[in-house]
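Descriptive structure summary
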Amino acid sequence: DANFIAYLACSYSDDPLVRYSGALSAFWSVVDDISDAKERNRLWSLIDPRVWKDFDAAAKRNEKLNPEKLEAVSAAAENVNNSYLKTMGIEDGVKNYSRVTDLLVAYYLKKIS
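Residue positions are given per chain, counting from 1 as you read along its sequence in written order. A pLDDT threshold of at least 70 governs which residues receive local features in this predicted model, and a stricter bar of 80 or more applies before side-chain atom pairs are shown or counted, although totals over entire chains, interfaces and linings include all residues. Side-chain numbers here rest on the full set of heavy atoms in the structure, without hydrogens or water.

Among the nonpolar cores identified, the biggest contains eight residues, and these are Leu24, Val31, Ile34, Leu43, Trp44, Ile47, Val51 and Phe55. Leave out the neighbours within four places in its chain, and isoleucine 47 touches Phe27, Trp52 and Phe55. As used here, the term nonpolar core means buried Ala, Val, Leu, Ile, Met, Phe, Trp, Tyr and Cys residues forming a set that is joined through side-chain atoms within 4.5 Å. Burial here depends on accessible area, computed with a 1.4 Å probe over protein chains only, as a share of the maximum for the residue type. Under 20% is buried, over 50% is exposed, and the range in between is partly exposed. Two residues qualify as a contact provided that any one of their heavy atoms is within 4.5 Å of a heavy atom in the partner residue.

Now the structure itself:
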């Protein structure tokens with residue numbers, strides 16, 4: 001729910017960079033939830049070539065990080081976050097984040113109808 005609210009907040013911002021960031025995050029969330037590789041690749045192919053510069057910059061930044069440490073820190077952070085969410089009454093823990101896709105799709109379908 002929070003990720004969807006964040007997308008909405010970004011999408012109504014006066015700042016084009018904030019809108020861009022929200023749209024890119026929403027796109028990433030939706031594509032990440034698609035299990036069919038062919039469909040996922042098709043959607044990635046729709047990205048404007050200028051956006052790939054941002055992905056390339058992020059990849060270069062991540063290349064400088066130690067992969068083993070990054071993986072260990074990410075796993076530990078996810079475990080802590082999962083425990084926190086469950087303590088706060090969110091039974092699904094971090095799995096709840098994938099619900100943003102359902103909300104984004106429902107919002108989009110309502111908007112175009």
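A word on the packing of aromatic side chains. For this analysis, a ring pair means two rings from Phe, Tyr or Trp (six-membered ring only for Trp) whose centres lie within 6.5 Å, classed as stacked if their planes differ by under 30 degrees, edge-to-face if by over 60, and tilted for the remaining angles. In the structure shown here, the tally under the stated rule is nine aromatic pairs. On the numbers, 5.1 Å between centres and 55° between planes, the contact of tryptophan 52 with phenylalanine 55 is tilted. Of this pair, tryptophan 52 and phenylalanine 55 both sit in helix H4 (residues 49-63), three residues apart, which is roughly one turn of that helix. Under the relative-accessibility criterion, phenylalanine 55 is labelled buried at 16%. Where helices and strands are cited, they refer to DSSP runs of H or I of at least four residues and of E of at least two residues respectively, numbered from the N terminus.

This part covers H4. The end-to-end C-alpha distance of H4, which contains 15 residues, comes to 21 Å, matching closely the 21 Å that a straight helix rising 1.5 Å per residue would cover. Pairs of N or O atoms within 3.5 Å make up the polar contacts considered here, provided that, within protein, one atom can donate a hydrogen while the other can accept it, and that residues adjacent in sequence are counted only when both atoms are side-chain atoms. Capping the start of H4, aspartate 48 holds a side-chain oxygen 2.7 Å from the backbone nitrogen of arginine 50, two or three residues further along. A helix is expected to span 1.5 Å multiplied by its residue count minus one.

Within the fold, tryptophan 28 resides in helix H2 (residues 16-32). Sequence-wise, tryptophan 28 and serine 74 are 46 residues apart; in three dimensions their C-alpha atoms are separated by 18 Å. Beyond its immediate sequence surroundings of up to four residues, tryptophan 28 is in contact with Trp44 and Phe55.

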